[in-house]
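Here's the letter readout for the chains.
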Amino acid sequence: MTFEPTLEFAAHLDAQDPLRLFRSRFHIPLTPEGQEAVYFCGNSLGLQPRTARAAAEEQFASWEKRAVEGHFLGNDPWMHYHETLAEATGRVVGAKPLEVVVMNNLTVNLHLLLLTFYRPTATRYKVLMEGGAFPSDQYALESQVTLHGLDPNDAIVELVPRPGEHTLRTEDIEATIRELGDSLATIILGGINYYTGQVFDMAAITRAGHAVGATVGFDLAHAAGNIELHLHDWDVDFACWCSYKYLNSGPGGTSGVFVHERFAHSPELPRLAGWWGHDASERFQMKKGFRPMPGAAGWQLSNSQVFPMALHRAALAVVDEAGGIPALRQKSELLTAYLEFLIKRLNLPASRLEIITPTDPAQRGCQLSILVHEGGRALFDHLVAAGIIGDWREPNVIRLAPVPLYNSFQDVQRVGQVLADWAGV
Ligand SMILES: *Cc1c(COP(=O)(O)O)cnc(C)c1O
């Protein structure tokens, strides 16, 4: 497609957009002047679906009317609430309902999964992760390794880009995996790197990891709801993600977990246990001896957090109604390509401003990360003053994420116009 920078052109793209009506299904935040903001921060906290409040109200009503009986009565008894999320969750990540469960928060789930899938021995104990991974993931891995009596400096191997490059090459990741060979216990990468927006080749990395006998997992915080995922077909061992970024389920929202079907009937797999992971048919017999449920459900500890789950369910319903991730992705590629076009059009030298997110649409999701060598913070503040909400990452990166469910081509055009005025183009 040949893009044009004009408002007319953007309006034309919006008119042709099959998802254009979905914007009205969300609350768009306003600027102090009362204008709709350009919200490009769905990679940090997705917007509120207009159906979210009613979904929570329904649970308030059930609690109000039925109290403890709400576990067993009403449209969606709380006893089984988590089960009602499995189908829609499976569609988002390319998994069978048996392979997924919604529970806890992301970092908690990362720990629970690592306790099962990172089982270091005297010779096979290394963990491979991204250099500069999201801090929570770094802390999680550091503490896991320490918990096993190992030295993080020795056990954790970090992947870094080649000198002069900003993103990782798949062939370099594969080569490192081969080099680590028998010493590699587990690979844990983001499906998308939160800083650069790079999508990793999860199928290739999983193959390479399995070839040397390692377990392979992904933190999909920036991938779930953003790009197409095929966790089952890619043969990924385990994964987890949050629901409040591209899945619009509210601050601190509940998290999703994937455990491959291969492990669905392996009660002997070590794990931390709780009553909600216990075989449902005898959960209330309160007997001694943990017997896990088949599948990912067998990693649950506590009874369902119904309120965050109700918000999540409402948000997942909007994704399904829009035609699922493939439909979102189709628009997303165009939205992000339009933003890229408008930034490249500024014609600024890389010494001033450069996009560090890959150019190849297959290697990125919604987000573009813009490295501003000087005056980055001032540019970010300038965007905020113009009603554009992106996010700032120290020391010099602005992340902008146009989200297909609620952002328009006119939003992108407005950002392009503000940038053009700033650059004096
Ligand atoms: C957003 C994000 C988190 C946040 O973790 P919580 O446990 O939900 O607070 C962790 N890791 C990555 C990669 C993230 O992008």
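Computed from a predicted model, the values in this text were never measured in an experiment. (Residues numbered from 1 in each chain as written. Predicted model: local features only at pLDDT ≥ 70, side-chain atom pairs only at ≥ 80, totals over all residues. Heavy atoms only, no water.)

**A few points about the pairing of strand E5 (residues 184–190)**
As a reminder, the rule being used: Exposure classes here rest on a 1.4 Å probe applied to the protein chains alone. A residue is buried below 20% of its type maximum, exposed above 50%, and partly exposed in between. To qualify as a helix, a DSSP run of H or I must reach at least 4 residues; to qualify as a strand, a run of E must reach at least 2; elements of each kind are numbered from the N terminus. Strand pairing is assigned whenever DSSP detects at least two bridges linking the two strands. Crossover handedness is defined here as right-handed if the route from the first strand over the helix to the second strand goes clockwise, with the strands pointing away from the viewer.
In terms of burial, E5 is largely enclosed, as 7 of its 7 residues are buried. Taken together, the 3 bridges between strand E3 (residues 126–130) and E5 define a ladder with parallel strand orientation. Each bridged residue has a counterpart across the sheet, and for Val127 the counterpart in E5 is Thr186. With 5 bridges joining them, E5 and strand E6 (residues 215–219) adopt parallel strand pairing. Within the sheet, the bridge partner assigned to Ile188 lies in E6 and is Gly217. Traced from E5 through helix H8 (residues 202–211) to E6, the parallel crossover comes out right-handed.

**Concerning the UniProt feature "domain: Aminotransferase class V" (unreviewed entry) in the chain**
Worth spelling out the cut-off: UniProt positions are given in the numbering used here, feature names are shortened, and annotations may be inferred rather than shown by experiment.
Those places that UniProt annotates as "domain: Aminotransferase class V" (unreviewed entry) correspond, in this numbering, to residues 156–270. For the annotated span residues 156–270, helix accounts for 22% and strand for 23% of the residues, and the straight-line distance between the end C-alpha atoms is 22 Å.

**Some words on the site of the ligand**
Test applied: Whether a residue is near a molecule or strand depends on its heavy atoms: if one lies within 4 Å, it is near. Two N or O atoms count as a polar contact when they lie within 3.5 Å, although within protein this holds only if one can serve as hydrogen donor and the other as acceptor, and sequence-adjacent residues are included solely when both atoms are side-chain atoms. Areas reported as accessible are Shrake-Rupley estimates using a 1.4 Å probe. Residue values count occlusion only from the protein chains shown. Residues are sorted three ways: Asp, Glu, Lys and Arg are charged, Ala, Val, Leu, Ile, Met, Phe, Trp, Tyr, Cys and Pro are nonpolar, and all the rest, Gly among them, are polar.
The immediate surroundings of the ligand are formed by Leu106, Thr107, Phe134, Asp137, Asp219, Ala221, His222, Tyr244 and Lys245. One of the side-chain nitrogen or oxygen atoms of Asp137 is found 2.6 Å away from a nitrogen atom of the ligand. Between the ligand and Tyr244 there is a distance of 2.5 Å, counted from an oxygen atom to a side-chain nitrogen or oxygen. Burial of the ligand by the surrounding chains reaches 81%, relative to a free accessible area of 390 Å². Partitioning the shell around the ligand into residue classes produces 4 nonpolar, 2 polar and 3 charged.

**Notes on the pairing of strand E7 (residues 238–242)**
Summarising burial for E7: 5 of the 5 residues are buried, a large majority. As defined by bridge partners, E6 adjoins E7 across 3 bridges and the pair is classed as parallel. Within the sheet, the bridge partner assigned to Phe218 lies in E7 and is Ala239. Bridge count between E7 and strand E8 (residues 255–259): 5 bridges; the pairing is antiparallel.

**Section: helix H1 (residues 7–16)**
Defined as follows: What the arc covers is the set of directions going from the helix axis to the C-beta atoms.
Within H1, the full set of buried residues consists of Phe9, Ala10, Leu13 and Asp14. All buried residues of H1 lie within an arc of 140° about the axis, which places them on one face of the element. For H1, exposure combined with an orientation more than 90 degrees from the buried face picks out Glu8, Ala15 and Gln16.

**Considering the packing of aromatic side chains**
The line we're drawing: Think of it this way: a Phe, Tyr or Trp ring, Trp meaning its six-membered ring, pairs with another when their centres are within 6.5 Å, and the plane angle makes it stacked under 30 degrees, edge-to-face over 60, tilted otherwise. Working rule: Lys NZ or Arg CZ, within 6 Å of ring centre, within 35 degrees of ring normal, means a charge sits over the ring.
Using the criterion set out here, one finds 20 aromatic pairs in the structure. Centre to centre, the rings of Phe117 and Phe238 are 4.9 Å apart; their planes meet at 10°, and the pair counts as stacked. One end of the pair, Phe117, is in helix H4 (residues 106–117); the other, Phe238, is in strand E7, with 121 residues separating them in the sequence. Residue Phe117 is classed as buried on the basis of its relative accessible area, which comes to 5%. The interplanar angle of 10° and the centroid separation of 6.2 Å between the aromatic rings of Tyr338 and Phe341 together place this pair among those described as stacked. Linking Tyr338 with Phe341, this pair stays in helix H11 (residues 324–344), spanning 3 residues, or about one helical turn. Taking the relative accessible area as the measure of exposure, Phe341 reaches 24% and is therefore partly exposed. Following the ring pairs from residue to residue traces out a cluster consisting of Phe3, Phe9, Tyr338, Phe341 and Phe409. Residue placement shows Lys245 over the ring face of Phe134; its charged tip is 5.1 Å from the ring centre. Positioned above the aromatic ring of Trp276 is the side chain of Arg283, whose terminal nitrogen or guanidinium carbon lies 4.1 Å from the ring centre.

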